[in-house]
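# Examination of the molecular architecture
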Amino acid sequence: MPELNQLYEAILAGDAKTAVEVARAALAENEAPLKLLLEYMVPAMDEVGRRFQCEEFFVPDLLLSGRAMKATLELLRPLLSASGAQPAGRVVIGTVKGDLHDIGKNLVASLLEGGGFEVYDVGADVSPEQFIEAIQSRNPDIVALSALLTVTMPAMKTTIDELKRAGVRDSVKVMIGGAPVTRQYAEEIGADAYGEDASVAVSIARSLMAKTPK
Amino acid sequence: MTRRYSSLAIADAGDLVFGQSASPVDCGYGLGIGRGLVYPEVNFTLPPISIDAATWPDVKEHYHNIAKGVLRRAVALEAPGIVLEFELLPAMTETPDWGAEITALLRDHLRLAYERHGLKNALRVTPTDIRDRNKPPALRAGAPWERLRRSFDLCIAAGADIVSIESVGGKEVHDRGLMWGDIRAIVFALGVLAPRDVAWLWDRISLACAASGHAVPGSDTACGFGNTAMQLAHQKMLPETLAAVVRAMSAVRSLVAFEHGAIGPSKDCAYEGPILKAITGCPISMEGKSATCAHFSPVGNIAAAMCDLWSNESVQDVRLLAGSAPEAYTELLTYDCRLMNVATAKGKSLTLRDWLVESDEWLSPQAAVLSPEATHQIAQAIIGASTDYERTVAAGRAAVAILECGVSQGRLNISAREGQWLSRLDRELTELQGKEQALTEEMMRANPRLFDPASYDLLE
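The structure reproduced in this document is the subject of the present report.

With that out of the way, let us pick up the packing of helix α5 (residues 103–114) of chain A against helix α9 (residues 201–211) of chain A. All names here are of chain A. At their nearest, the axes of α5 and α9 sit 9 Å apart, and the two run at 60° to each other. As judged from the angle between their axes, α5 and α9 are oblique. Considering how the two elements wind past one another, α5 and α9 form a crossing that is right-handed. Contacts from Val108, Leu111 and Leu112 in α5 reach Ala201, Val202 and Ala205 in α9. For the contact of α5 with α9, a count of residues per class yields 6 nonpolar, no polar and no charged.

This part takes up the sheet that holds strand β6 (residues 162–165) of chain B. Residue and element names in this part refer to chain B. Taken in spatial order, the 7 strands of this open sheet run β7-β6-β5-β4-β3-β9-β8, and their pairing is parallel. Single-partner strands in this sheet number two, and they are β7 (216–220) and β8 (285–287). Across the sheet, the mean angle from the axis of one strand to that of its neighbour is 25°, orientation sign disregarded. When strand β5 (residues 121–126) meets β6, the two strands line up parallel, connected through 2 bridges. By the bridge assignment, valine 125 is partnered in β6 with valine 163. Against the sheet, helix α4 (residues 143–157) engages β5 and β6, with an angle of about 160° to β6. Strand contacts of helix α10 (residues 325–345): β3 (39–43), β4 (82–87) and β9 (309–311), with the helix running at about 160° to β3, the strand carrying the most contacts.

Here the focus is the environment of isoleucine 204 of chain A. Residue and element names in this part refer to chain A. Along the chain, isoleucine 204 turns up in helix α9. By relative accessible area, which is 13% here, isoleucine 204 ends up buried. C-alpha of isoleucine 204 to C-alpha of glutamine 86: the two residues are 118 residues apart in sequence and 19 Å apart in space. Not counting chain neighbours up to four residues away, the residues in contact with isoleucine 204 comprise Met175, Ala193, Tyr194 and Gly195.

This paragraph deals with the interface of chain A and chain B. Listed per partner, the contact involves 21 residues of chain A and 26 residues of chain B. Each partner contributes to the roughly 2,200 Å² buried at the junction of chain A and chain B, and carbon and sulfur atoms together form 69% of this total. Scanning the region where chain A abuts chain B turns up 2 salt bridges. One salt bridge in this structure joins aspartate 125 of chain A and arginine 133 of chain B, with 3.8 Å as the shortest N-O distance. Applying the counting rule to chain A against chain B returns 4 residue pairs in polar contact (both at pLDDT 80 or more). Where the side of chain A that touches chain B is concerned, the elements lending two or more residues are α4 (59–82) and α5 of chain A. With 5 residues, α4 of chain A is the single largest residue contributor to the side of chain A that touches chain B. Grouping the constituent residues of the side of chain A that touches chain B by class yields 14 nonpolar, 2 polar and 5 charged.

Our next topic: the sheet that holds strand β4 (residues 173–177) of chain A. Residues and elements named next belong to chain A. As summarised here, the arrangement of the 5 strands in space is β2-β1-β3-β4-β5, forming an open sheet in which the pairing is parallel. Each end of this open sheet is capped by a strand with a single partner; those strands are β2 (118–126) and β5 (193–195). Pairs of neighbouring strands in the sheet enclose a mean axial angle of 20°, with direction left out of account. Of the strand pairs in this sheet, β4 and β5 are connected by 3 bridges, and their pairing is parallel. Each residue of the ladder has a partner; that of methionine 175, found in β5, is alanine 193. Of the strands in this sheet, β1 (90–96), β2 and β3 (142–146) are in contact with α5, which crosses β2 at around 175°.

Residue and element names in this part refer to chain A. Where β1 meets β2, 6 bridges bridge the pair, whose relative direction is parallel. Counted as the bridge partner of valine 96 is valine 126 from β2. You can see the chain leave β1, run along α5 and come back into β2, and the turn it takes is right-handed.

Turning our attention to the pattern of salt bridges. Inspection of every chain in the model, using the stated rule, returns 44 salt bridges over all chains. Between arginine 50 of chain A and glutamate 47 of chain A there is a salt bridge whose closest N-O contact spans 3.0 Å. One end of the pair, arginine 50 of chain A, and the other, glutamate 47 of chain A, are both in helix α3 (residues 33–53), 3 residues apart, so they sit about a helical turn from each other. For glutamate 47 of chain A, a relative accessible area of 15% puts it in the buried group. Between arginine 424 of chain B and glutamate 428 of chain B there is a salt bridge; the shortest N-O distance is 2.7 Å. Note that arginine 424 of chain B and glutamate 428 of chain B are positioned in helix α15 (residues 416–432) at a spacing of 4 residues, about one turn of the helix.

Membership of the largest hydrophobic core comes to 195 residues, with the highest contact counts inside it found for Tyr63, Met92 and Trp310 of chain B. Top element by residues in this core is helix α6 (residues 183–212) of chain B. It accounts for 18 residues. Both domain 1 (5–83) and domain 2 (90–210) of chain A contribute no fewer than three residues apiece to this core. Excluding residues that lie within four positions of it along the chain, tyrosine 63 of chain B makes contacts with Phe44, Leu46, Phe86, Leu89, Met92, Ile102, Leu105 and Leu106 of chain B. Counting 25 residues, the second largest nonpolar core, distinct from the first, contains Val126, Phe131, Val168 and Tyr194 of chain A.

Calculation criteria
- Residues numbered from 1 in each chain as written.
- Chains lettered and ligands numbered in written order.
- Predicted model: local features only at pLDDT ≥ 70, side-chain atom pairs only at ≥ 80, totals over all residues.
- Heavy atoms only, no water.
- Axes fitted to C-alpha atoms, helices over the stretch in contact; angles between N-to-C directions.
- Helix = DSSP H or I, 4+ residues; strand = E, 2+ residues; numbered from the N terminus.
- Parallel < 35°, antiparallel > 145°, perpendicular 65-115°, else oblique.
- Left-handed = near helix turned anticlockwise from the far one by under 90°.
- Contact = heavy atoms within 4.5 Å.
- Nonpolar A, V, L, I, M, F, W, Y, C, P; charged D, E, K, R; others polar.
- Pairing = 2+ DSSP bridges.
- Buried < 20%, exposed > 50% of the residue type's maximum accessible area, 1.4 Å probe, protein only.
- Buried area = accessible area lost by both parts, 1.4 Å probe.
- Salt bridge = Lys/Arg side-chain N within 4 Å of Asp/Glu carboxyl O.
- Polar contact = N/O pair within 3.5 Å; in protein donor to acceptor, adjacent residues only side chain to side chain.
- Right-handed = clockwise from strand over helix to strand, strands pointing away.
- Core = buried A, V, L, I, M, F, W, Y, C linked by side-chain atoms within 4.5 Å.
- Domains from an automatic or database assignment.

Next comes the structure, spelled out in structure tokens:
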């Protein structure tokens, strides 16, 4: 039987190879996949998030941990699905039309994946129609919109307006972020949540999920 | 038209000082940049507004009011000269006629300011590099490149005195390298991909300028590389040591523009400017403490030490108590320049320069690589290397050596985790010397869909 704390430590260290090896060995010893996820992997990512917020981790540390988490989840996912376990939530994420910046959006996507969310990244310069198509095809719980420019911020409002027009707005929660975006702007355009920076994305997404009817 | 710098135009770090360049640039209405005076370069942008056919009259009204306010304030303060920078927004490059229309509008204001008030001036125009619309970016063909090329042509025809660009070649690999802390990818992007794109692009930009008979091929900036790293470091997402080393390495790809026709002034957001000035002798524009309207930087004073134009980077056209924000920042920059110009007139420019340097130098790794001495060391390392790749590695190693020296002498305080990164940078950059071919093959294998080899003349 492997020392399961190694799974926690490997994810914290961003060591995907060891994390997968420990998880595989544990499964071979009939450990429950849900136990591995809830008692070791999710706490490891919570600790990663804490260290990042406390400025003890840089983004590369965080992404490497996220990659270790993802690799281990891929091993566990078929078993989790068979047992009826669900991801933390489904997210469609993209940078709004006219804006090519994607670093912040990519970071949030990685953090959400590390936090156990299933993320569908629709890229940058994404039109409202593309968001609508992604909602219809992916059935997400949350749509996350990013913008870096003051002149592309209005596209966030346009996107939300178009979601309403297409009749899909009420089926998702909308969270927004980006350098020029403010909480006040989020409220003005009818978004459900605003994140000041990437580090709060997972906690915001979790709180939105808590408000989402099952 | 191409050249290769193998010696420093300004051989002594003591001669690197604001207002003085070895190869001044004359342009616009009577403006000589780098001939002794530092001039304000005012940059501005729109408040939140969609840019489309319906809002276009409002957009033009903003630029009309900005130019009127900025020039009125410059005249009132008896500024000896001024540069306006018009950075096109993406939609204005996508529709090249729009960018040209604003260029002509601003040009008209500048002409009147010169004719009525004798205000020497020039207009810098910077089209947006929209070639990264597609993934992977196709840099040398397709609609985005055609629109960008046309944007340059139309803006030059509409009266741009200086043209610049923040080119994006290599950024697709560099962004990913930064996020993952992948030093090999960063070096490949800055030392292999970006120089190839900059050379190709500037061969064309400088030809367009030459054909116009009036436009000056200004420069390229590593904004998308060095400033991305700087902002991520500011947010504690990346180590400052990494951002400082990226800054030094990014000077190589910007230098390539000068080797393919650019003559300066360099662009404000190119904090690598002092390194370029040491090598080329061309005048540089810089931004620092008076660009806090746009972003944070840990180099607010030291950035001014060697500048020839002093910029606010970008400010939204919003109302302040003092008037419009672009107008207020014109005043701020004008006073900054007055101080530098009086210091020069009194023979005290080196004293002021040294105060600007010393007030920042050892408070941040990013400032430590921008002192005249550090700039000089990095510039020496660059010209002593044989290829753009080796120059990039050499610039990075020089920056690491400067930081390590600062730490060992107790002048630069960095955290333990920053220290670990500095050691890693030292080790990996040393290992990368002489490995261009191997690294290129490795990156092409590892990232088959991240970048387009044909856009960089790399055979698959």
